[in-house]
Amino acid sequence: MNQNLIERERKLCFNYFYDNFDKSPLTYGLTHDMYPTKHNDSSVAATGFMLSAMVVGCDFGYITRGEGEEICFKTLKTHAKLERKNGFYYHFYNISDGQRARKCELSIIDTALFIAGALTAGAYFGGKTLELARRIYLECDWEYFYSKEKKYFYMAEFENGFSGYWDVYAEQLILYFLAAGSPKGEKIAAEAYSSFKRLKGSWGGHEFIYSWFGSIFTHQFSHAFLDFKDKKDAFGVDWFENTVQATKANFAFCRDHSKEYKGYENGWGLTACLAKQGYKGHIGTAPSGNGNTENVSNGTIPPCGALGSMPYTPELSIAALEYFYSKPRLIGKYGLVDAYNDDEDWYSESYIGIDKGITLLMLANYEKQTVWRNFNSLPEMQKAFETLQFKKEN
């Protein structure tokens, strides 16, 4: 039963991406940020997950290698022509014409997730797809997004300048690796990696480096591409084990608050997601920033939180998957919907691309290491692990 459910959810996650990228010549490959709430926005991060999804689709036999390669190459051709600045993409583009949506920010993290997906596809298909993925990657000037004074990457650039810093651990580890693997970032990558704060805390006896909002996706998004298993950095940090402990703490937090929210009796995996009140980026658990005041816990549970941890806590994640599929209102066209809240009798009717994406990639990594095998095979990433002084543990 476990394997059948894993396969079912994985295939339906794949279907989300297969069905929800644009097929018109001008904007081919731009992937819908949400479904069925098609507000004409394509998220470049969601497109990065779509590119990886096509690799998963080929690896598991959902589509032919030829079809997957065509989709990825044509998507990269489109994105090579989109408006960028110093190689970086804006957060959203209009699917109808490929123009920057509204006046959204230039986003280093969304660019990184797109490039990670592009390089994953390039590593898998090789040839012209790899050549174009590398070209897009090498156009990013990582020093442009770097504050030499603070020794942090900026988070985004708006009309009035840069905003925010990646100053504490979150989902940004991929930035340092992409910078380290590129001639336009290798000089500052190690310094940037060494500079961000590693805040340590614990819950339920599980100690780990935590993120500001306590959202579990921060321990997953970079990890979907980077294989940290059996590796430690120069500070002795094992990021794979850190995610294991963060995930177990998330589970323990939910169980410890199950008298407040009945949904936590069986559900867990608190992370950014849709809620009854709209999208909530702060949903998470303690420990979190400002003395555990930055996380929001209101009974809303997104399935992607537990399922995105499948390689780290398989027994807990499989049990969560079985529980989620026992709830008919959670199941829709593309598998498990984005979130639910039993205390409010609310179930989302929508899907979010990045949430289906992290679920798909981690289910594939759990069984066949699909994304890890390809992304980490690239010489640029092997160089990055060396530049950032990661050592293989015996």
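These lines cover the structure that appears in this document, whether it is placed above or below. Please read these numbers as outputs of a predicted model, since none were measured by experiment. Residue positions are counted from 1 within each chain, in the order its sequence is given. Predicted model: local features are reported for residues with pLDDT of at least 70 only, side-chain atom pairs are reported and counted for 80 or more only, and whole-chain, interface and lining totals are derived from all residues. The side-chain values count all of the structure's non-hydrogen atoms but skip hydrogen atoms and water molecules.

Below, the discussion takes up helix H7 (residues 186-195). The buried label applies to any residue whose accessible area, calculated with a 1.4 Å probe on protein chains only, is under 20% of its type's maximum; exposed applies above 50%, and partly exposed to all values in between. In DSSP terms, a helix is any run of H or I states spanning at least four residues, a strand is any run of E spanning at least two, and both are numbered starting from the N terminus. All of the buried residues in H7 are Ile-188, Ala-189, Ala-192 and Tyr-193. Considered in projection along H7, the buried side chains sweep an arc of 135 degrees and stay on one side of the axis. The contact rule is simple, with two residues in contact once any of their heavy atoms fall within 4.5 Å. On its buried face, H7 is in contact with strand S7 (146-147), strand S8 (152-158), helix H6 (173-180) and helix H8 (239-256). Regarding the arc, it is the one traced by the directions from the helix axis to the C-beta atoms.

Turning our attention to helix H2 (residues 44-59). Along its 16 residues, H2 runs 23 Å from first to last C-alpha, staying within 8% of the 22 Å computed at 1.5 Å per residue. Among the 16 residues of H2, 16 are classified as buried, and the element is accordingly described as predominantly covered. We call two N or O atoms a polar contact when they sit within 3.5 Å, provided that within protein one can donate a hydrogen and the other can accept it, with sequence-adjacent residues counted only if both atoms are side-chain atoms. Regarding H2, its N-cap is Ser-43, as a side-chain oxygen of that residue lies 3.2 Å from the backbone nitrogen of Ala-45 further along. Just downstream of H2 lies Gly-61, where phi reads positive at about 80 degrees. In this scheme, a helix's expected span is set at 1.5 Å multiplied by one less than its residue total.

To continue, consider the nonpolar core. Where a protein is soluble and globular, its nonpolar side chains tend to be buried together. Membership of the largest hydrophobic core comes to 140 residues, with the highest contact counts inside it found for Trp-142, Phe-153, Ile-174, Leu-178, Phe-225, Trp-239 and Phe-375. For this core, the element with the most residues is helix H4 (residues 108-125), which contributes twelve residues. Setting aside chain neighbours within four positions, we find Leu-178 in contact with Ala-112, Ile-115, Leu-119, Tyr-137, Trp-142, Phe-375 and Met-381. Nonpolar cores were defined as sets of buried Ala, Val, Leu, Ile, Met, Phe, Trp, Tyr and Cys residues, with membership established by side-chain atoms within 4.5 Å. Counting residues in each nonpolar core, the second largest holds five residues, with Phe-208, Tyr-210, Ile-216 and Ala-249 among its members.

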